[in-house]
Amino acid sequence: QVQLVESGGGLVQAGGSLRLSCAVSGRSFYVMGWFRQAPGKERQFVAGLNWAGSSPAYGDSVKGRFTISRDSAKNTLYLQMNSLKPEDTAVYYCAAGAGANVAYTASDYHSWGQGTQVTVSS
């Protein structure tokens, strides 16, 4: 059983930066991902890593602005978010899944954190 706890959300002005963290307890080797969900919208893939913590992949709307990384020694997943826009406002979730390759859909993940709110003001 894996447990995920996100932190680092908050309120930031457009153009600013935030770094989200996800503390992972349990096994180290999972496919990991970040998703977000805005009110009235479906959960959206933001970024993901394969089971080895490599081969980063990003959703089209965040490419070039967000960076996903993993510190295996600390068992922590990160999402560095730069050049934030009001449309990035959402609850951000960390997720872990089985398999080897990056997964792009929420149904591919079996464990989820509680979410952390990110609000970007214009």
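Since this is a predicted model, take the numbers as computed values, not measurements.

**Q** Please provide a residue-by-residue account of the pairing of strand β4 (residues 31-37), values included.
**A** For β4, a buried count of six out of seven residues is recorded, marking the element as mostly surrounded by other parts of the structure. Where β4 and strand β9 (residues 90-97) come together, seven bridges link them in antiparallel fashion. Within β9, the position partnered with Gly33 by the bridge is Ala95. As consecutive antiparallel partners, β4 and strand β5 (residues 44-49) are separated by six residues, and within that stretch Gly40 has a phi angle of approximately 75 degrees, a positive value.

**Q** Run through the environment of Cys94, naming residues and quoting values.
**A** Within the element layout of this structure, Cys94 appears in strand β9. Residues Cys94 and Thr116, 22 residues apart in the sequence, show an inter-C-alpha distance of 9.1 Å. Among residues more than four places away in sequence, those in contact with Cys94 are Leu4, Glu6, Cys22, Met32, Gly33, Trp34, Leu77, Ser111, Trp112 and Gly113.

**Q** Quick rundown of the state of the cysteines? Include the residues and the values.
**A** Considering all chains together, one arrives at one disulfide under this definition. A disulfide bridge connects Cys22 with Cys94, and the sulfur atoms are separated by 2.1 Å. Every disulfide takes its handedness from the sign of the S-S torsion; for Cys22 and Cys94 that torsion is -75 degrees, giving left-handed. Placement of Cys22 in strand β3 (residues 18-25) and of Cys94 in strand β9 is noted, with a sequence separation of 72 residues between them.

**Q** With reference to specific residues and values, describe the sheet that holds strand β7 (residues 66-71).
**A** Ordered in space as β1-β3-β8-β7, the four strands form an open sheet in which the pairing is antiparallel. Where the open sheet ends on each side, the last strands, each with one partner, are β1 (3-7) and β7. Sheet twist, expressed as the mean angle between neighbouring strand axes with direction ignored, is 15 degrees. Bridge analysis of β3 against strand β8 (residues 76-81) gives six bridges, and the strand direction is antiparallel. Residue Leu20 lies in a different strand from β8, and its bridge partner there is Leu79.

**Q** Let's hear about the side chain of Arg70: which residues, and what values?
**A** With respect to the secondary-structure elements, Arg70 resides in strand β7. The buried charged residue Arg70 lacks any salt bridge, with Asp71 as its nearest oppositely charged partner at 8.6 Å.

**Q** Could you give me a rundown of the nonpolar core, with the residues and numbers involved?
**A** Nonpolar side chains in soluble globular proteins generally cluster together in the buried interior. With 28 residues, the main nonpolar core has Trp34, Leu79, Met81 and Tyr92 as its most contacted residues. Secondary-structure elements contributing two or more residues to this core are β3, β4, β5, β7, β8, β9 and β11 (116-121). In contact with Tyr92, other than residues within four places in its own chain, are Glu6, Leu20, Phe35, Arg36, Val46, Phe66, Leu79, Met81, Gly115, Thr116 and Val118. Residues Phe35, Ala57, Ala103 and Tyr109 belong to the second largest nonpolar core, which totals eight residues.

So, how was this worked out
- Residues numbered from 1 in each chain as written.
- Predicted model: local features only at pLDDT ≥ 70, side-chain atom pairs only at ≥ 80, totals over all residues.
- Heavy atoms only, no water.
- Buried < 20%, exposed > 50% of the residue type's maximum accessible area, 1.4 Å probe, protein only.
- Helix = DSSP H or I, 4+ residues; strand = E, 2+ residues; numbered from the N terminus.
- Pairing = 2+ DSSP bridges.
- Contact = heavy atoms within 4.5 Å.
- Disulfide = S-S within 2.5 Å.
- Axes fitted to C-alpha atoms, helices over the stretch in contact; angles between N-to-C directions.
- Lys, Arg positive; Asp, Glu negative; His and termini not counted.
- Salt bridge = Lys/Arg side-chain N within 4 Å of Asp/Glu carboxyl O.
- Core = buried A, V, L, I, M, F, W, Y, C linked by side-chain atoms within 4.5 Å.

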